[in-house]
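Chain residues, written in single-letter form:
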Amino acid sequence: MSSNNIILTKADKTANGTIQLTGSKSECNRALVIEALSGGRVKVKNLSDAADTVTLAGILKDHSPSTIDHGQSADHGLSTIDHGLKTVNIGPAGTAMRFLTAYFALQPGEVILTGTERMKQRPIGILVDALRKLGANITYAEKDGYPPLQISGGFEQQTNQISIKGDISSQYITALLLIAAKLPQGLELHIEGELTSRPYVEMTLAMLKQAGIQHSWQGNVISIANQEFSETSLPVEPDWSAASYWYAIAALADEAELFLPGLTSYSLQGDSVITEIMANFGITSQFKDGGVYLKKEPKPIQRKIFDMKECPDLAQTVIVVCAALGHEATFTGLETLKIKETNRVAALQNELGKMGVKLIEKGLVYKLDCSEKFIPERIFINTYEDHRMAMAFAPLALVIPQLEIEDARVVEKSYPAFWQDLEKVGFGPLTP
Ligand SMILES: O=C(O)C1=C[C@@H](OP(=O)(O)O)[C@@H](O)[C@H](O)C1
Ligand SMILES: C=C(OP(=O)(O)O)C(=O)O
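Residues numbered from 1 in each chain as written. Chains lettered and ligands numbered in written order. Predicted model: local features only at pLDDT ≥ 70, side-chain atom pairs only at ≥ 80, totals over all residues.

Peer 1: Before we go on, may I ask you to explain the site of ligand 1 in this structure?
Peer 2: Every residue near ligand 1 is listed here: Ser26, Thr95, Ser169, Ser170, Gln171, Thr174, Thr196, Ser197, Tyr200, Pro312, Asp313 and Thr336. Broken down by element, the shell around ligand 1 gets its largest block of residues, 3 residues, from helix α5 (residues 170-180). Of the residues contributing to the shell around ligand 1, the split by class is 2 nonpolar, 9 polar and 1 charged. Domain assignment of the residues forming the shell around ligand 1 places at least three in each of domain 1 (6-20 + 237-424) and domain 2 (25-229). (Near = placed C-beta within 6 Å. Helix = DSSP H or I, 4+ residues; strand = E, 2+ residues; numbered from the N terminus. Nonpolar A, V, L, I, M, F, W, Y, C, P; charged D, E, K, R; others polar. Domains from an automatic or database assignment.)

What follows is the structure, encoded as structure tokens:
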């Protein structure tokens, strides 16, 4: 047993309290890139302490045309010089990898952009091809189609017409949209095929609009002309993906009353759909006093099909809740899970297997089979360097007497205070 693991127990099956969540990492990471591109005209408000955001803020501070200081700790320490070339390491942050690829393509100077071993397995060829078509100078430092990338920034724009596949990751599209207004000819982006994670593209466009950048979106074409950012601030909402773990806790508790300040019924984050999903599990969401009150009002679960295509980061949360409740639902829209922090489908299958639950893949449809489900006295959950594996399985402490979770620090990627927040509502002991 490693000292980085955490043992979770919950003496009673209640969850009551107020939890102040950190800012949305998706909103922050967009806001930071917008701020840097705007030359400081746009200012971010309420920066998240998610490690992915802290890393990105540090890198942009070092590589921004203007001086931006968020007072973040300088321990990002992620830029090193190797053979006269600057290497920028973004760790496990997918959005930072994709957004910075476009950002560095635009900025003068040469960098190697890299990340964790897992990041080197997460595809980026679709974005690199699109940027190369625009005129960018990007080469693969190791394997074609994957980080690390060698980027020679600053280019003469060859075209404003780009076609891009929409079904692998919306982050490629966001990366291009973020730099579009700075391109001399602007950008006309043709999205080919289905668009996955659509709310994240909507979030990008909404935030650009707040920063003064207009767009049009007709059919599958998004256009942004060359234009200036306005002088304004971008406030960041608390993170709805983080809120999902509190909904899961409420769903597995016998009694729950939780208040999450700062979350409102109108959100740029698609993951706010967790309120609708969890209504099926008897969790009511009442928006008042500048936040949301969750309350458990038990009722039979009716919904049998969940499509996660627009909210992939909620998939683990919802699947674990269904498994714990023995609710044999069907899931679609899980395709992109295989290229995230880990292969999340395989990780779920392994860990749910420890309580006899199967997640059966049948083409694009996944069926949860709880026919052999059992509740062990004790369970050890592997987390595969994936923050969402740790946080999605943590609520199981309400049904399994001793839950040990591998590598507690993994949550820092998006929600560093997760374990302390659990302690506030009576989970314990939090050390092995
Ligand atoms: O743009 C974003 O902020 C994100 C988009 C989604 O990725 P995909 O578009 O790759 O599904 C999501 O899973 C990720 O956590 C954050
Ligand atoms: C997929 C995620 O992040 P990213 O792609 O930014 O690494 C996530 O936070 O679940």
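Peer 1: Just to check I follow, could you spell out the sheet that holds strand β20 (residues 365-369) for this structure?
Peer 2: Two modes of strand pairing occur in sheets, parallel and antiparallel, and in both the strands are linked by backbone hydrogen bonds. Read from one edge to the other, the open sheet built from 4 strands follows the order β17-β18-β20-β19, with strand pairing classed as mixed. The open sheet terminates on both sides in strands that have one partner only, identified here as β17 (305-307) and β19 (358-362). The sheet shows a mean angle of 25 degrees between the axes of neighbouring strands, direction not considered. Lying over the sheet, helix α9 (residues 315-325) contacts β17, β18 (330-332), β19 and β20, oriented at roughly 30 degrees with respect to β20. (Pairing = 2+ DSSP bridges. Axes fitted to C-alpha atoms, helices over the stretch in contact; angles between N-to-C directions. Contact = placed C-beta atoms within 7 Å.)

Peer 1: Quick question: what am I supposed to make of the site of ligand 2 here?
Peer 2: Close contacts around ligand 2 come from Ala93, Gly94, Thr95, Asp313, Lys340, Glu341, Arg388 and Ser414, and that covers them all. There are two domains that each give the shell around ligand 2 at least three residues, and those are domain 1 (6-20 + 237-424) and domain 2 (25-229).

Peer 1: In this structure, what is going on with the domain arrangement of the protein? I would like to understand it.
Peer 2: The figure often quoted for interface size is the accessible area lost as the parts come together. Examined at the domain level, the protein breaks down into domain 1 (6-20 + 237-424) and domain 2 (25-229). Put simply, the middle of domain 1 and the middle of domain 2, counted by C-alpha atoms, are 29 Å apart. Of the residues lining the interface, 18 residues belong to domain 1; the matching set on domain 2 comes to 21 residues. Across the side of domain 1 that touches domain 2, the residue classes tally to 5 nonpolar, 5 polar and 8 charged.

Peer 1: Would you take a moment to explain the UniProt feature "active site" (unreviewed entry) in the protein for this structure?
Peer 2: According to UniProt, the positions carrying the feature "active site" (unreviewed entry) are Asp313. A tally of 27 C-beta atoms within 10 Å means that Asp313 is categorised as buried. For Asp313, the contacting residues outside a window of four places in its chain are Ser241, Asp271 and Arg388. (UniProt positions renumbered as here; feature names shortened; annotations may be inferred. Buried ≥ 20, exposed ≤ 12 C-beta atoms within 10 Å, placed from the backbone.)

Peer 1: How do you make sense of the UniProt feature "binding site: phosphoenolpyruvate" (unreviewed entry) in the protein when you look at a structure like this?
Peer 2: Under the UniProt annotation, the feature "binding site: phosphoenolpyruvate" (unreviewed entry) is placed at Lys25, Gly94, Arg122, Gln171, Arg344, Arg388 and Lys413. Note on placement: Gln171 falls in helix α5. By C-beta crowding, Gln171 is classed as buried, having 25 other C-beta atoms within 10 Å. When neighbours within four sequence positions are excluded, Gln171 is seen to be in contact with Gly94, Thr95 and Arg98. Relative to the assigned elements, Arg344 resides in helix α10 (residues 344-353). Among the residues examined, Arg344 registers 24 C-beta atoms within 10 Å and is labelled buried. Excluding residues that lie within four positions of it along the chain, Arg344 makes contacts with Ala315, Gln316, Leu337 and Asp386.

Peer 1: Would you take a moment to explain the confidence of the model for the protein for this structure?
Peer 2: One rule of thumb: low pLDDT means the predicted coordinates there are not for detailed reading. Model confidence for the protein is summarised by a mean pLDDT of 94, while 95% of its residues fall at 70 or above. Contacts for the low-pLDDT stretch residues 72-77, under 50 throughout, to residues beyond four places or in other chains number 8 contacts. With a pTM of 0.96, the predicted complex shows an ipTM of 0.99. (pLDDT = per-residue confidence, 0-100.)

Peer 1: What's the story with the nonpolar core in this structure? I'm lost.
Peer 2: A general tendency of soluble globular proteins is for nonpolar side chains to be buried together. Ranked by internal contacts, the top residues of the largest apolar core, which has 145 residues, are Leu176 and Ala250. A per-element tally of this core places helix α7 (residues 240-252) first, with 11 residues. Inspection of this core shows a minimum of three residues originating in each of domain 1 (6-20 + 237-424) and domain 2 (25-229). (Core = buried A, V, L, I, M, F, W, Y, C linked by C-beta atoms within 7 Å.)

Peer 1: Would you mind showing me how to read the packing of helix α3 (residues 94-106) against helix α4 (residues 125-134) here?
Peer 2: One way to put it is that α3 packs onto α4 with a least axis distance of 10 Å and a crossing angle of 15 degrees. By the angle between their directions, the pair α3 and α4 is classed as roughly parallel. Where α3 crosses over α4, the handedness of that crossing is right-handed. In contact with Arg98, Thr101, Ala102 and Ala105 of α3, α4 contributes Leu127, Val128 and Leu131. Across the contact of α3 with α4, the residue classes break down as 5 nonpolar, 1 polar and 1 charged. (Parallel < 35°, antiparallel > 145°, perpendicular 65-115°, else oblique. Left-handed = near helix turned anticlockwise from the far one by under 90°.)

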